[in-house]
Amino acid sequence: MFRHIIIIIIMPHSIMINVCYFLLLNLVIFQFGGVVNASQVHCFFIFGDSLVDNGNNNYLNTIAKVNYSPYGIDFLAGPTGRFTNGRNTADFLAELLEIYKPPPPYTNATDWDRINGVNFGSGGAGILDESGKHYGDVVTMSEQLSNHEAIITRLAEIFGERKLSLQHLSNCTYYVAMGSNDYLGNYLPKYYASTTQYSPEQFASLAIAQYSKHLLRLYNNGGRKVAVNGLGKLGCVPQQTAKYPVSPLTGCVETSNAAVDIFNEKLKKLIKTLNLLPDARFLYVSEITDNPSYGNITVVGKPCCEVSEDSLGHCVEGSTPCSNRDEYYFWDSFHPTEAATSLSAKIIYDAMAPLLQTTTTTAATTPLVDVS
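Residues numbered from 1 in each chain as written. Predicted model: local features only at pLDDT ≥ 70, side-chain atom pairs only at ≥ 80, totals over all residues. Heavy atoms only, no water.

Caption draft 1: Structural detail: the packing of aromatic side chains. Under the criterion given, the structure shown has 14 aromatic pairs. Residues tyrosine 100 and tryptophan 112 carry aromatic rings whose centres are separated by 6.1 Å and whose planes lie at 85 degrees to one another, so their mutual orientation is edge-to-face. Highlighted residues: tyrosine 100 in the loop between α2 (89-96) and α3 (111-116) and tryptophan 112 in helix α3, separated in sequence by 12 residues. Note on tyrosine 211 and phenylalanine 263: the rings are 6.3 Å apart at their centroids and 25 degrees apart in plane angle, and the pair reads as stacked. Of this pair, tyrosine 211 sits in helix α7 (residues 200-220) while phenylalanine 263 sits in helix α9 (residues 254-274), and the two are 52 residues apart along the sequence. Accessibility expressed as a relative area gives 0% for phenylalanine 263, which makes it buried. Ring pairing ties together the aromatic residues Phe45, Phe47, Tyr106, Phe120 and Tyr174, which thus form one cluster. The lysine or arginine in question, arginine 224, covers the ring of tyrosine 219, its NZ or CZ lying 3.8 Å from the ring centre. (Phe/Tyr/Trp six-rings, centres within 6.5 Å; stacked < 30°, edge-to-face > 60°. Helix = DSSP H or I, 4+ residues; strand = E, 2+ residues; numbered from the N terminus. Buried < 20%, exposed > 50% of the residue type's maximum accessible area, 1.4 Å probe, protein only. Lys NZ or Arg CZ within 6 Å of the ring centre and 35° of its normal.)

Dropping the structure here:
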């Protein structure tokens, strides 16, 4: 006669708790649709400015919005709030990561999105709260982090416990692209009196000190796998070259590029310091603007569309842009074309390889770090 055999597995209490957390977390994720299994990441969150904004600014009282033509002329849905003619960095990274749809704007996020990833990006936003404020309402990095924390609160309601939320987020991949507006929308044009007193070295130190607090805040709220984008050659954007003296050798404003180089070197050092934290995997990535002469791009120094004469440098509403958009690096006075962005995103994606498809198991119980 056969008898049932019951096998009892005895394991330490702490391991049993972690197993229960893991099973409960996956059950809840499955109920809400789950992370797309084909993706190279468990979930994907984006912080940034107009280079990634895909519609958050549409709902703000700001002049930094582009939900009109010719923006989106090469995008299937037309003008959506993306600051380019087609897809932006966030869109291309999602495609390369094999995510079936780009993370949606935070303002439109569902619970499914809150689990799988959203885009917090806001055109005009900066590391410093004052950067970009002359445009009206923008979602600063500090406010974007607050929105991320609101998601944690909601996930705690879904998962049943905050620790589960942090455990889930510790396995997500984050992309952070901030700082351009601290220079182009603050320091370089001297929009605020507070920035006129700083040398390039001092301003870079100021921005990095605040960036350090922001990235530690993200770490304390579950972020473990974080790609941080350095700044490109901002002295080469049409707004700069049209306004300030350029180098005859490069055609760029090299004083602006030199200021940005100081920031990037400090950012690299910050990333190394952050990686001393338990389970931290911060990564410095850079993009194509260091060498824009790639692919079919032959026109680097001027925008593809007719631009306004104000500080925004946006395309004139209803104007007809250039027809050979794949040959242009810049779409308007500040932002790259879809063609340039696709090349940038590939470089960023390749650099992100160390962060992909790895799992963190202890991040939820790592002690918090004081950021005061």
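Caption draft 2: Just the nonpolar core, in detail. By size, the foremost hydrophobic cluster in this structure holds 57 residues, and its most contacted members are Phe45, Tyr183, Tyr211, Phe263 and Phe282. A total of 9 residues in this core trace back to one element, the largest contributor, which is α7. Beyond its immediate sequence surroundings of up to four residues, phenylalanine 282 is in contact with Leu215, Tyr219, Arg224, Val226, Val228, Ile271, Leu274 and Asn275. (Core = buried A, V, L, I, M, F, W, Y, C linked by side-chain atoms within 4.5 Å. Contact = heavy atoms within 4.5 Å.)

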